[in-house]
Structures are given as structure tokens and as C-alpha cells.
Amino acid sequence: MDKVRIRGGNRLVGKIPVSGAKNAALPLMAASLLTSAPLTLMNVPALADIESMCSLLTGLGTTVGDQNGAMGTELVLQNLNITNTEAPYDVVRKMRASVLVLGPLLARAGRARVSLPGGCAIGNRPVDLHLKGLQELGATVELTRGYIEAHTGPGGRLRGAKIAFPTVSVGATENLMMAASLADGETVLINAAREPEIVDLADCLIAMGARIEGHGTDTIHIWGREALCGARYQVVPDRIEIGTYAIAACITGGELELVGARAGLLETVFDTLSETGASISETGSGIKVSGPEGRPRGVDVMTEPYPGFPTDLQAQMMAYMTRAEGASMITESIFENRFMHVPELSRMGANITVHQASALVRGVEHLTGAPVMATDLRASVSLVLAGLAAVGETNINRIYHLDRGYERLVGKLRDCGAIIERVAENGSARNQVA
Ligand code: UD1
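First things first, this report covers the structure right here in the doc.

Calculation notes
- Residues numbered from 1 in each chain as written.
- Predicted model: local features only at pLDDT ≥ 70, side-chain atom pairs only at ≥ 80, totals over all residues.
- Heavy atoms only, no water.
- Near = heavy atom within 4 Å.
- Polar contact = N/O pair within 3.5 Å; in protein donor to acceptor, adjacent residues only side chain to side chain.
- Areas by Shrake-Rupley, 256 points an atom, 1.4 Å probe, with all protein chains shown as cover.
- Helix = DSSP H or I, 4+ residues; strand = E, 2+ residues; numbered from the N terminus.
- Nonpolar A, V, L, I, M, F, W, Y, C, P; charged D, E, K, R; others polar.
- Axes fitted to C-alpha atoms, helices over the stretch in contact; angles between N-to-C directions.
- Parallel < 35°, antiparallel > 145°, perpendicular 65-115°, else oblique.
- Contact = heavy atoms within 4.5 Å.
- Pairing = 2+ DSSP bridges.
- Salt bridge = Lys/Arg side-chain N within 4 Å of Asp/Glu carboxyl O.
- Buried < 20%, exposed > 50% of the residue type's maximum accessible area, 1.4 Å probe, protein only.

1. Some details on the site of the ligand
Then step 1. Lining the immediate surroundings of the ligand are 17 residues, of which Asp 128, Leu 129, Ser 169, Asp 312 and Ile 334 lie closest.
Then step 2. With respect to the ligand, the side chain of Ser 169 contributes an N or O atom lying 2.6 Å from an oxygen atom.
Then step 3. A distance of 2.6 Å separates an oxygen atom of the ligand from a polar side-chain atom of Asp 312.
Then step 4. Coverage of the ligand by the protein chains reaches 82% of its 740 Å² of free accessible surface.
Then step 5. No other element matches the three residues that helix H5 (residues 128–136) contributes to the shell around the ligand.
Then step 6. In terms of residue class, the shell around the ligand is made up of eight nonpolar, five polar and four charged.

Printed below as a string of C-alpha cells:
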């Protein structure tokens, strides 16, 4: 299996183009099941998770075309007829976002059989809120032999309802927004997620003819239509990729312009980075991030639903804070088991103590390179960031996680002066800049 080899210590300077958001593109692709007309998505990132979603949709009868457009890869998805309503275990186990086909399948085909996602490296991650919401829309839902089996009532159509979420869930909000857009009558989602990816999905559904109001707030109204049409839609820039490269600039004391980035997508993150001593400014084409001179100031961070500090940037922020002047308390409030990067950062010389949902990071003068590996996407990239700042060589194993979520990571960093390469198991450098 390939690994990533980094020789740390170089300041990163240059421009990095921001890709489309994986976490927006996946639900948008699932939304293509809601219509028989083609949905064209622009600015779709080339990632393993996108390929997994393509193969899942193909199995449901969707034809998938891709072409190079002015805005990166364009995907054309069309499902004339849902020929199969099952999302099998082998696909769902690799990518939890597969569960996003549940709402669209039920709404359009009247039935769905989707493997239960099960646990993952960052926690238990149930889907009870998705299922409960669909039941409130009139679906019958059963759990049988590891599968969710759901169908609509005799009329074949879901019916609008008022659904109050006890906790904020991005995926449940997305699944229910899609299902409700073909339901009979009005649906109100209360305590809905407000992430930019939710807004992106709502805007795409509106372009497909749906009537939705309140997206971006905690109360979303959806008036169901009998049918939706096709659309052309551009995926929002990836705020987690933006935040990751912003931290890459900070941790190496460098200066990066993130081309295509929008400050409004991650204000809390930029405020936090400014507190550490970084400077952030808008340019005509994106955002420029300059790292602090010397070591950063330690700041406390708590992950929260949007617009709070994103859990998907917690590991990267922790890598940065390992070099802080002083201490930083990092509290994870979204997932119960998201500190898998701590032992690996510690092996690189970090001083971190975890107590329940909080990690106390006492800054050290420098990290030292080491062989490391991680068990999830964001933890893996936090080790890349640590490796960029560490003295000596870091080898990161199990990099298939990085391929799931960061388009051309090695190439983008190398273009800005990082000494980084992808190495095959036999030790030879790969030509491609994954
Ligand atoms: C999405 C993102 C993921 C991000 C997360 C939180 C995608 C593809 N993934 O994941 O990168 O880390 O949002 O910002 O967009 N929960 C329940 N029951 C449910 C659903 C969720 O208890 O039915 C809990 C989860 O266990 C978690 C919390 O709610 O503790 C938030 O999870 P959720 O927002 O649903 O995350 P995902 O949509 O899976």
C-alpha cells in the first residue's frame, strides 16, 4: 500500500486552488435520484468517495457521464428509471454517506433497502434520526439482518410533517430535505443543520424545481412537488480543504493564497487562526493566510455544529497547537471517539493529555518526524500537517483515507515548496501527484 513521505521544515509559499466540497457533492449526487432528467454537477472533486457514490448510483440504474468543464470535472447523472432500490453492504461499509440515497429512493421509488452503516473509526454514528424522520413522513421502516428496509404507504407518496431533531445532524437534515421535496404537502425541519453543504443542497433542489425556504437557518420549510426537473449546478468550495491548507500555512510559518476560497464559509476558523497570530486577508481571487512569526499562541477550541468550529478541522488544529507557545484545550463535542490522532502526534513528540472529550495540548519547541498512520480522513491529514512542520522525515501509512477526501494533496503541497512524495510499498516514488 502506498505511503506519503515528508521531509519537514519548509515554509509553504504559493497558491493552492480549492476543490469542490466532497461533503456537498455526495448529497447532490444522491439528489439526482429525485428526477428522471439529467443533473449536471460542476466542480466535482476527483476523489475515491465520489467514485464510490458513482458506482452506488450506477447500481440503482443511473447513467453517469463525466467531462472536463471550465470548473473542474462535470458529472452528468441521469436516472430514467430506478431499476434497483438496494444500497448493498459492501458499498455502504466503505462510505457512510451512501445512506443519503435512502430518502431519495423512498421518495421517488416508494421503497429502499440500504445496509446499516454501523460504527466507524470516529464513533458509533447511528442513523436513528434519519429513520425516525422518514417514519414521520409516513414511511414504514424496519431493520432486518443489517439492512434498513423502508417503504411508503398505499398512495406511494411520503407526506409532509413537522420534524424536530433532538440533536443537529447534517446527514439527517439532507436525507429528509431530499425526501420532503417529493412528499405530499409541507414539511418543517426544526433544529436543522445549517452547514454550507445544506445550503448547497437546498439551492440545487430549488434549481431542480423544489420549493424550500429557511435553509441556512435552524428551521427549513419544504413544500413537496409531484416531480422535479434537471439542473446544472456548481458545487460549493470545500471549506474543510480551505481550513486544512490555511493551517498548513500557519504550521509552517508560510504564506498561502487559497484560490477560490470564501471567508464566509469558515469565519470561526479564521477568527481562531487569527488569535494564534496568523493574518488572514481577502484577495481578489480567494484568501491569503500568513502564518505567525515564531510559534503560535495557544488557543482553546470547542467543536460545534456550523457556524461553530468544525469537527472536521479538529485534528488539523490539534496538530498546529502541538507547537504553540503555551497550552491549548481542544474539546470535541460532536463525535465521541475523535482523538485517534493523539497517540500518533505524541509519537512525533507532541505533549497531549486527553480527559474525556477534551485534549490538553502543551506546546513543544518542535515535532520530530516518525512513521505514523491514522484511521480516518481528517486524522490522516493532521499527520501530514505535523510532518510538514516536524524536524526530519515522516512516513504516513494507510493513505487511502487521504484519497477519499483530498484532491491532489501531494501535488498541491509540493507546488508550494513542501518536500513530500507518494511512495509505493516497494519504496519507489510515484509519478502521479495524488
Ligand atoms: C457529516 C459529514 C462529516 C462531519 C459531520 C459533522 C458528510 C458526508 N459527512 O457527517 O464529515 O464530520 O457531518 O459535521 O457530510 N447522530 C445521531 N443520530 C443520527 C445522525 C447523527 O445520533 O441519526 C449524531 C452523530 O453520531 C454525531 C452527531 O449526531 O454525534 C452529528 O452527526 P451528523 O451531523 O449526522 O454527521 P454526518 O452527517 O454523518
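2. Here's the deal with unusual backbone geometry
Then step 1. Omega for the bond connecting Tyr 306 with Pro 307 falls within 30 degrees of zero, at 10°, which places this linkage in the cis form.
Then step 2. In this fold, Pro 307 is placed in the loop between strand S18 (301–302) and helix H10 (314–321).
Then step 3. Phi at Arg 145 is positive, roughly 45°, even though this residue is not glycine.
Then step 4. As for its position among the elements, Arg 145 is in the loop between strand S8 (140–144) and strand S9 (147–151).
Then step 5. Unusually for a residue other than glycine, Arg 398 sits at a positive phi of about 55°.
Then step 6. Of note, Arg 398 is situated in the loop between strand S23 (393–397) and helix H13 (400–405).

3. Re the packing of helix H1 (residues 22–31) against helix H2 (residues 48–59)
Then step 1. Where H1 meets H2, the closest approach of the two axes is 10 Å, and the angle between their N-to-C directions is 5°. Of the possible angle classes, the one that applies to H1 and H2 is roughly parallel. Facing Lys 22, Ala 25, Leu 26, Met 29 and Ala 30 of H1, the residues of H2 in contact are Asp 49, Ile 50, Met 53, Cys 54 and Leu 57.
Then step 2. Here the residues of the contact of H1 with H2 are counted per class, giving eight nonpolar, no polar and two charged.

4. A word on the sheet that holds strand S24 (residues 419–423)
Then step 1. Taken together, the four strands give an open sheet; going across it, the order is S22-S23-S1-S24, and neighbouring strands pair in mixed fashion. The sheet is open, and its two edges are formed by strand S22 (371–373) and S24, each paired on a single side. Going across the sheet, the axis of each strand differs from the next one's by a mean of 20°, ignoring polarity.
Then step 2. Where strand S1 (residues 3–7) lies against S23, four bridges are found, and the strand directions are antiparallel. The residue of S23 that forms the bridge with Val 4 is Ile 396.

5. Some remarks on the packing of helix H6 (residues 170–180) against helix H7 (residues 196–207)
Then step 1. Remark: H6 packs on H7, axes separated minimally by 10 Å, with the N-to-C direction vectors making an angle of 10°. With respect to H7, the element H6 is oriented roughly parallel. In this structure, H6 contributes Val 170, Thr 173, Glu 174, Met 177 and Met 178 to the contact, and H7 contributes Glu 197, Ile 198, Leu 201, Ala 202 and Leu 205.
Then step 2. Partitioned by chemical class, the residues of the contact of H6 with H7 number seven nonpolar, one polar and two charged.

6. A few points about the pattern of salt bridges
Then step 1. All chains considered together, the criterion is met by 24 salt bridges.
Then step 2. Its salt-bridge partner being Arg 239, residue Glu 197 comes within 2.8 Å of it at the nearest N-O pair. With Glu 197 in helix H7 and Arg 239 in helix H8 (residues 239–251), this residue pair connects regions lying 42 residues apart in the sequence. One exposure class covers both Glu 197 and Arg 239, and it is buried.
Then step 3. Its salt-bridge partner being Arg 347, residue Glu 344 comes within 3.4 Å of it at the nearest N-O pair. With Glu 344 and Arg 347 both in helix H11 (residues 342–347), this residue pair falls three residues apart, about one helical turn.
Then step 4. Exposure remark for Arg 347: the relative accessible area of 44% places this residue in the partly exposed category.
Then step 5. Three or more residues are tied together by salt bridges with common partners; here these are Arg 5, Arg 7, Glu 393 and Glu 421.

7. Side note on helix H4 (residues 102–109)
Then step 1. With six of its eight residues buried, H4 lies for the most part within the structure.
Then step 2. Listing the buried residues of H4 in full gives Leu 102, Gly 103, Pro 104, Leu 105, Leu 106 and Ala 107.
Then step 3. Contacts made by the buried residues of H4 are with H1, strand S7 (111–115), H5, S9 and H6.
Then step 4. Of the residues trailing H4, Gly 110 is marked for its positive phi of about 85°.

8. Digging into the sheet that holds S9
Then step 1. Spatially, the four strands line up as an open sheet ordered S6-S7-S9-S8, and their pairing is mixed. With one partner strand each, in any of the chains shown, strand S6 (86–87) and S8 form the two edges of the open sheet.
Then step 2. In this structure, S6 lies alongside S7, joined through two bridges in parallel fashion. Note that in S7 the partner of Glu 86 across the bridge is Arg 113.

Everything listed is a geometric property; what it means functionally is a separate question.
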